[in-house]
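Structure assessment
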Amino acid sequence: MAMTEEHNSMHFLDHLEELRWRLVKSLGSVLLGAVITFFFIDQLIAFLIRPTQDLASPMDLQVLKVQGMFMIKWGIAMIGGIVLSIPVLTYQLWKFIAPGLYLNEKKYAAPLIIFTYISFLIGLIFSYTVIIPFSLDFFTSVGMSGIQNNFSINYYFNFITWLMIGSGFIFELPVLVFILSIIGLLTPAFMSHYRRHASVVILVLSAFITPPDPVSLVLMAIPLMLLYEFSIGVSWLVNRKKQG
């Protein structure tokens, strides 16, 4: 009995040690990505403020704090580090949970890493090219004569990074369905049956991520509903592969 308890204790400590090293490697990849991003920070900032230059109502950005640009540059660098390290983060997570999976499930590692990164990038691109321009047009158009659209650059970057990162995570829906289908928790029949419930959840998530205007809500909800239908197809392919 004592030997069994000691064995279980060592087994648990081994898992903790592995988790620690996985976290260290993940943090290292984020920091490396942040350093790489910082080398291109000026070009990246110019790219991120480009949507403000094509608005019907002019919009001016201002630095209102002494340390404003310093905080913005390092904040964007850290976010860039996270984005660049997503493949590493996904790989480390998969390697940690892989020992508990069946052998035939481990072959999904490479597709999962690629699928995760591509889905996140699509979410970023969609937000940058569709949601952000429409949102900025909406908010700058409701001004008044004689009042200029002068905004804090800190607030602007908080606004667009929230939209872009939120969209990136929302576009991971097919990835989540992929994982849950692999471990047998989701099936196409289940997802089809609860399609109406999913539509309500999608509307709530869209309202939470986007600014409080109906245009942004619709712009986010429609692709998410299409993503849900696509996710049903992903679940169908995974379940068919498992049965085959």
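Residues numbered from 1 in each chain as written. Predicted model: local features only at pLDDT ≥ 70, side-chain atom pairs only at ≥ 80, totals over all residues. Heavy atoms only, no water.

Together, Leu32, Val35, Ile36, Phe39, Phe40 and Leu84 make up a nonpolar patch on the protein surface, roughly 620 Å² of accessible area in all. The dominant element in the nonpolar patch, judged by the number of residues it contributes, is helix H1 (residues 2–38), at three residues. (Patch = residues over 30% accessible without salt bridge, like charges linked within 9 Å, V, L, I, M, F, W, Y side chains within 5 Å. Areas by Shrake-Rupley, 256 points an atom, 1.4 Å probe, with all protein chains shown as cover. Salt bridge = Lys/Arg side-chain N within 4 Å of Asp/Glu carboxyl O. Helix = DSSP H or I, 4+ residues; strand = E, 2+ residues; numbered from the N terminus.)

Structurally, the position occupied by Ile125 is in helix H5 (residues 109–141). Among the residues examined, Ile125 registers a relative accessible area of 53% and is labelled exposed. Counting along the chain gives 39 residues from Ile125 to Met164, while the straight-line C-alpha distance between them is 7.9 Å. (Buried < 20%, exposed > 50% of the residue type's maximum accessible area, 1.4 Å probe, protein only.)

Now for the confidence of the model for the chain. The pLDDT averaged across the chain works out to 81; a share of 86% of its residues lies at or above 70. Here H1 stands out as the least confident element of the chain, with mean pLDDT 76; helix H2 (residues 41–48) is the most confident, with 93. pLDDT under 50 marks residues 5–10. Its contacts with residues more than four places away, or in other chains, come to zero contacts. (pLDDT = per-residue confidence, 0-100. Contact = heavy atoms within 4.5 Å.)

A separate point is the pattern of salt bridges. Under the definition given, this model contains two salt bridges. One salt bridge connects Lys73 with Asp42, and the closest N-O pair in it is separated by 3.1 Å. With Lys73 in helix H3 (residues 68–84) and Asp42 in helix H2, the pair connects residues that are 31 residues apart, well separated along the chain. Judged by relative accessible area, which is 25%, Lys73 ranks as partly exposed. Residue classification places Asp42 among the partly exposed positions, given a relative accessible area of 48%. Of the charged contacts, one joins Arg195 and Glu229 as a salt bridge, the two residues approaching to 2.7 Å between their closest N and O atoms.

Grouped together as the largest cluster of nonpolar side chains are 37 residues, with contacts concentrated most on Ile76, Leu136, Phe157 and Ile160. At the level of elements, H2, H3, H5, helix H6 (153–170), helix H9 (195–209) and helix H10 (214–243) are the ones that each hand at least two residues to this core. Ranked by residue count, the leading element in this core is H6, at eight residues. Setting aside residues up to four positions removed in sequence, Ile76 forms contacts with Thr37, Ile41, Leu44, Ile45, Leu48 and Phe157. Core analysis: the second largest hydrophobic core is formed by nine residues, Tyr108, Ala109, Ile182 and Val238 among them. (Core = buried A, V, L, I, M, F, W, Y, C linked by side-chain atoms within 4.5 Å.)

Right, let's talk about the packing of H3 against helix H4 (residues 86–97) for a bit. Where H3 contacts H4, the axes come no closer than 4 Å and their chain directions differ by 55°. Classified by the interaxial angle, the pair formed by H3 and H4 is oblique. Together, Ile82, Val83 and Leu84 of H3 and Ile86, Pro87 and Leu89 of H4 make up the contact between the two elements. (Axes fitted to C-alpha atoms, helices over the stretch in contact; angles between N-to-C directions. Parallel < 35°, antiparallel > 145°, perpendicular 65-115°, else oblique.)

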